[in-house]
Each structure stands twice: as C-alpha cells, then as structure tokens.
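Listed below, chain by chain, are the residues.
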Amino acid sequence: MTIYTSYELKWLLNAVRAIKELNCAEYIKHFDDSSTGFMWSTNETVYKLGKVLEKDGHSGASFACTMRLAQTFLTSYDDIDVAIQNIQNMINNNNIVSE
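Residues numbered from 1 in each chain as written. Predicted model: local features only at pLDDT ≥ 70, side-chain atom pairs only at ≥ 80, totals over all residues. Heavy atoms only, no water.

This part covers the nonpolar core. V16, I19, I28, F38 and M67 are the most contacted members of the largest nonpolar core, which totals 27 residues. Residue assignment for this core shows that the elements contributing at least two residues are helix 1 (6-21), helix 2 (25-30), helix 3 (44-52), helix 4 (60-76) and helix 5 (80-92). Every residue in contact with V16, bar those within four places of it in the chain, is listed here: A70, L74, I80, I84 and I87. (Core = buried A, V, L, I, M, F, W, Y, C linked by side-chain atoms within 4.5 Å. Buried < 20%, exposed > 50% of the residue type's maximum accessible area, 1.4 Å probe, protein only. Helix = DSSP H or I, 4+ residues; strand = E, 2+ residues; numbered from the N terminus. Contact = heavy atoms within 4.5 Å.)

Our focus in this paragraph is the packing of aromatic side chains. Under the counting rule described, the total for this entry stands at 5 aromatic pairs. Members of the aromatic cluster, joined through ring pairs, are Y4, F73 and Y77. (Phe/Tyr/Trp six-rings, centres within 6.5 Å; stacked < 30°, edge-to-face > 60°.)

A separate point is unusual backbone geometry. You will see that N23, though not glycine, has its phi angle at about 55 degrees, which is positive. Here N23 shows up in the loop between helix 1 and helix 2. Judged by its relative accessible area of 70%, N23 is exposed.

For the coordinates displayed, the defined rule picks out 4 salt bridges. With a shortest N-O distance of 2.4 Å, D81 and K20 are connected by a salt bridge. Here D81 is found in helix 5, whereas its partner K20 is found in helix 1, with 61 residues between them in sequence. Of the charged contacts, one joins K48 and E44 as a salt bridge, the two residues approaching to 3.3 Å between their closest N and O atoms. You can see K48 and its partner E44 sitting in helix 3, 4 residues apart, about one turn around the helix. (Salt bridge = Lys/Arg side-chain N within 4 Å of Asp/Glu carboxyl O.)

Turning to its location among the elements, Q71 is positioned in helix 4. Here I28 takes part through its backbone oxygen, which lies 2.8 Å from a polar atom of the side chain of Q71. Residue contacts for Q71: discarding those within four places in its chain leaves I28, K29, H30, F31 and F38. (Polar contact = N/O pair within 3.5 Å; in protein donor to acceptor, adjacent residues only side chain to side chain.)

Distances and angles like these do not, on their own, reveal function.
Structure, rendered in structure tokens:
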C-alpha cells in the first residue's frame, strides 16, 4: 500500500476533479511530451488545468508531480468517478503520513 501526505491527496483529488470538469481524462491518460512534461507544457489543456488548480498554490514541480499521479490513477481506473471515490476513501481512511 502506498501512503501519501495529506497535501498530495488533496492536490490529487482537486486535480482529478478538475480533469473531470474539463473533460480531458483521455488526454491526460495519454499525455507524453518528453521535451516539456507537464511542468513546461504550453498545451492549452494543461494550461487550463493549471489555472483551475492555482488555488492549490503549486510550484511547477508540485504541479507536474500531481499531474503524473493523477495520470497514474486515471490509467488505473476505467471510470473517473471510481478514481475520485478511491482518492476520497484514502483521505477518509487516514491513509496519510504526518506532515
């Protein structure tokens, strides 16, 4: 079992919800720009996600890590709502390490 910090889970939940809101799960699942990654991407979809997630106070690195984690969760579940529920369950079950 992987254990995440409360920040990672909060950011992950917000990211997956934003991905659902922007209807871009398939794009994120298959995102693979080896020259920029998520951090330096100028892609419109990635930019929109960054704007939606500004309130989380990400650095470029934390945004990129959060997006890769979201990508992992999205590829692990066929249904984005199941991914969201799984993340919420992890938060509710205190599947976190202390800060």
